[in-house]
Amino acid sequence: LSFRKLNTMDDASWEAVVDLERQEYDRGYAAGYQDSITSTEDVSGYSQGLLKGYAVGFEAGFIVAAASTLLDQPATGRETALTERGKRIAEETKSRGLKVPNHNDGETDFDEEIQFLRSKYKQLGSTYGPCPPKPSGSDQKSSAPATHEW
């Protein structure tokens, strides 16, 4: 295809090609607007559900990761060795956290689940100090400057 042949394309068809994306956007917007008017489904709670679900999943995942880190640490030294009680709490926290559904099944009380996980996390923190524990070999100070000053 030569440049000369492209130049001979009439202006009307070229404008149609250039404006194709905008035409499709407008058509999709109009169809979506019409569907939202005629729909009987209430969509006002979707964003609230997304925000709540993200927060619940993030916190449950963090607590499960902290319990898993404690369980995976080698039992060397007095500070890191898990007691039977601590091991039981960490295992219970991990198993309960992994059972939190990743969708709203209508039967799970997510506030109750998070309260349970928070209380277990506090028990782990009072037993072993700050959670999640530092990985072994991270006792050295970082030479990187702090990124935030609080």
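Higher on the page you've got the structure.
Residues numbered from 1 in each chain as written. Predicted model: local features only at pLDDT ≥ 70, side-chain atom pairs only at ≥ 80, totals over all residues. Heavy atoms only, no water.

Enquirer: Explain the pattern of salt bridges to me, please; I cannot follow it from the model alone.
Expert: In this structure the tally under the stated criterion is six salt bridges. Measuring nitrogen to oxygen at the nearest pair gives 3.2 Å for the salt bridge that ties arginine 27 to glutamate 24. Taken together, the residues span about one helical turn, with arginine 27 and glutamate 24 both in helix 3 (residues 20-38) at a distance of three residues. Close ionic contact of lysine 52 with aspartate 111 constitutes a salt bridge, the shortest N to O distance being 2.7 Å. Of this pair, lysine 52 sits in helix 4 (residues 46-72) while aspartate 111 is found in helix 6 (residues 110-128), placing the two residues 59 residues apart along the sequence. What makes lysine 52 partly exposed here is its relative accessible area of 42%. (Salt bridge = Lys/Arg side-chain N within 4 Å of Asp/Glu carboxyl O. Helix = DSSP H or I, 4+ residues; strand = E, 2+ residues; numbered from the N terminus. Buried < 20%, exposed > 50% of the residue type's maximum accessible area, 1.4 Å probe, protein only.)

Enquirer: Help me understand the nonpolar core, please; the structure alone is not making it clear to me.
Expert: For soluble globular proteins, the rule of thumb is that nonpolar side chains tend to be buried together. Core analysis: the largest hydrophobic core is formed by eight residues, namely Val56, Ala60, Ile63, Val100, Phe110, Ile114, Phe116 and Leu117. Among the elements of the structure, helix 4 and helix 6 are those that each provide at least two residues to this core. In terms of residue count, the dominant contributor to this core is helix 6 (four residues). Every residue in contact with valine 56, bar those within four places of it in the chain, is listed here: Val100, Phe110 and Ile114. With six residues, the next largest nonpolar core counts Ala67, Ile89, Leu124 and Tyr128 among its residues. (Core = buried A, V, L, I, M, F, W, Y, C linked by side-chain atoms within 4.5 Å. Contact = heavy atoms within 4.5 Å.)

Enquirer: It is not clear to me how a nonpolar patch on the surface should be interpreted in this structure. Could you clarify?
Expert: A contiguous nonpolar patch, built from Tyr25, Tyr29, Tyr33 and Ile37 and spanning about 500 Å² of accessible area, is present on the exposed surface. Within the secondary structure, isoleucine 37 is located in helix 3. (Patch = residues over 30% accessible without salt bridge, like charges linked within 9 Å, V, L, I, M, F, W, Y side chains within 5 Å. Areas by Shrake-Rupley, 256 points an atom, 1.4 Å probe, with all protein chains shown as cover.)

Note that all results are geometric; they support no functional claim without further evidence.
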